[in-house]
There are 2 protein chains.
Amino acid sequence: MEALRADMFEEICPSSLLPFRIGGDKWAGMVLRCLEDGPRRYSELRVPLARISPKMLTQSLRSLERDGFIRRTEYAEPVRRVTYELTGLGRSLLEPLRTFCSWAEEHWDELLDARES
Amino acid sequence: MEALRADMFEEICPSSLLPFRIGGDKWAGMVLRCLEDGPRRYSELRVPLARISPKMLTQSLRSLERDGFIRRTEYAEPVRRVTYELTGLGRSLLEPLRTFCSWAEEHWDELLDARES
DNA sequence: CCGGATCCAAATTGATACTG
DNA sequence: CAGTATCAATTTGGATCCGG
């Protein structure tokens, strides 16, 4: 995931077919993937995760923070700035997550075929 | 997963912390895991998956069937019998699923610690 | 503007009872 | 046995509002 594209999880995309959940949170997986290249601000996350309402994004972030997957940092600057980044625990989850995404990419055609019939 | 135990996914259990979803189905992951040792009947699935209502189990099974992960077979016998089993596609999903469960077991203590604070 | 919080409508899930 | 039907509860999403 080089940059944060707007259409990343939109429509038919392997990782959007397989959002996995951690403790009941539907969006957690995608949020974590958006953080894999480093800290992001709230508004930066809203770009690739355009399908999530601000409410659900906040809820997901809070939940991930509570469970120790991400760390929230608020900077005292003239313009308000809040960033989210993976903790060690969160980073360790990326591996199984990627295993999943690889699987999805590899079996993408089969998945679409099965859906159609 | 040797046998189907009643408490398998109950309460605090690594794989119940990480139910993953396929196309919106919350229980899909656990259902698939219950099928990894071979075909099971509907009522057999209800034992380890005691927390799922019959409605959701049916819905999950239908969804997995529709997407090509499992196959439903109905036998014409005096006593009605329906079994569910993994397809090739479904079986291929077991590997990423197990990667997840291994991760959960490995980080179990950290997860509990984070939850408490 | 940024980072949310609030309110309300809509969809999902769940428990329980019942049926072919 | 293998599910449906029904209704209540929870979850989700959208839109809007708000404080710094």
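Up top you'll find the structure we're talking about.
Presented here is an overview of the structure given in this document. (Residues numbered from 1 in each chain as written. Chains lettered and ligands numbered in written order. Predicted model: local features only at pLDDT ≥ 70, side-chain atom pairs only at ≥ 80, totals over all residues. Heavy atoms only, no water.)

1. With respect to the packing of helix α5 (residues 88-106) of chain A against helix α5 (residues 88-106) of chain B
Argument step 1. One way to put it is that α5 of chain A packs onto α5 of chain B with a least axis distance of 9 Å and a crossing angle of 175 degrees. It follows from the interaxial angle that α5 of chain A and α5 of chain B lie roughly antiparallel. Contacts between α5 of chain A and α5 of chain B involve L89, S92, L93, P96, L97, T99, F100 and W103 of chain A from the first element and L89, S92, L93, P96, L97, T99, F100 and W103 of chain B from the second.
Argument step 2. For the contact of α5 of chain A with α5 of chain B, the class distribution of residues is twelve nonpolar, four polar and no charged. (Axes fitted to C-alpha atoms, helices over the stretch in contact; angles between N-to-C directions. Helix = DSSP H or I, 4+ residues; strand = E, 2+ residues; numbered from the N terminus. Parallel < 35°, antiparallel > 145°, perpendicular 65-115°, else oblique. Contact = heavy atoms within 4.5 Å. Nonpolar A, V, L, I, M, F, W, Y, C, P; charged D, E, K, R; others polar.)

2. Some words on a negative patch on the surface
Argument step 1. A cluster of acidic residues, E106, D109, E110, D113 and E116 of chain A together with E95 of chain B, forms a negative patch at the surface.
Argument step 2. Counting residues per element, the negative patch draws most heavily on helix α6 (residues 108-116) of chain A, which supplies four residues. (Patch = residues over 30% accessible without salt bridge, like charges linked within 9 Å, V, L, I, M, F, W, Y side chains within 5 Å. Areas by Shrake-Rupley, 256 points an atom, 1.4 Å probe, with all protein chains shown as cover. Salt bridge = Lys/Arg side-chain N within 4 Å of Asp/Glu carboxyl O. Lys, Arg positive; Asp, Glu negative; His and termini not counted. Charge placed at Lys NZ, Arg CZ, Asp CG, Glu CD.)

3. Observations regarding the packing of aromatic side chains
Argument step 1. Applying the stated criterion across every chain yields a total of three aromatic pairs over all chains.
Argument step 2. Directly above the aromatic system of Y75 of chain A lies the positively charged group of R81 of chain A, at a separation of 4.3 Å from the ring centroid. (Phe/Tyr/Trp six-rings, centres within 6.5 Å; stacked < 30°, edge-to-face > 60°. Lys NZ or Arg CZ within 6 Å of the ring centre and 35° of its normal.)

4. Things to note about the sheet that holds strand β1 (residues 40-41) of chain A
Residues and elements named next belong to chain A.
Argument step 1. Taken together, the three strands give an open sheet; going across it, the order is β1-β3-β2, and neighbouring strands pair in antiparallel fashion. Of all strands in the sheet, those bounded by a partner on one side alone are β1 and β2 (70-75).
Argument step 2. Sheet topology note: the β1/strand β3 (residues 81-86) ladder contains two bridges and is antiparallel. In the sheet register, R40 faces β3, and the bridge partner there is Y84.
Argument step 3. Of the strands in this sheet, β2 and β3 touch helix α4 (residues 54-66), which is tilted by about 115 degrees from β2. (Pairing = 2+ DSSP bridges.)

5. Remarks on the nonpolar core
Argument step 1. Grouped together as the largest cluster of nonpolar side chains are 56 residues, with contacts concentrated most on F69 and I70 of chain A together with F69 and I70 of chain B.
Argument step 2. Setting aside residues up to four positions removed in sequence, I70 of chain B forms contacts with L32, L35, L61, L64, E65, Y84, E85, L86 and T87 of chain B. (Core = buried A, V, L, I, M, F, W, Y, C linked by side-chain atoms within 4.5 Å. Buried < 20%, exposed > 50% of the residue type's maximum accessible area, 1.4 Å probe, protein only.)

6. Points about the protein's contact with DNA strand D
Argument step 1. As a structural note, the neighbourhood of DNA strand D is formed by 19 residues, with K55 of chain A together with R41, S43, R72 and Y84 of chain B the closest of them.
Argument step 2. Per the 4 Å cut-off to the protein, sugar and phosphate atoms form 67% of the nearby atoms of DNA strand D.
Argument step 3. W27 of chain A places a side-chain nitrogen or oxygen 3.0 Å from a phosphate oxygen of DNA strand D.
Argument step 4. Residue S43 of chain B places a side-chain N or O atom 2.6 Å away from a phosphate oxygen belonging to DNA strand D.
Argument step 5. Secondary structure elements with two or more residues in the surface near DNA strand D: α4 of chain A together with α3 (42-45), α4 (54-66) and β3 (81-86) of chain B.
Argument step 6. Here the surface near DNA strand D gets four residues from one element, more than from any other, and that element is α4 of chain B.
Argument step 7. When the residues that make up the surface near DNA strand D are grouped by side-chain class, the tally is six nonpolar, four polar and nine charged. (Near = heavy atom within 4 Å. Polar contact = N/O pair within 3.5 Å; in protein donor to acceptor, adjacent residues only side chain to side chain.)

7. Focus on the pairing of β3 of chain B
For a regular strand, the rule is simple: side chains alternate between the two faces of the sheet.
All names here are of chain B.
Argument step 1. Bridge count between strand β2 (residues 70-75) and β3: six bridges; the pairing is antiparallel. Bridge assignment links R72 to a residue of β3, and that residue is Y84.
Argument step 2. Between β2 and β3, which pair antiparallel and follow one another directly, the connecting turn spans five residues.

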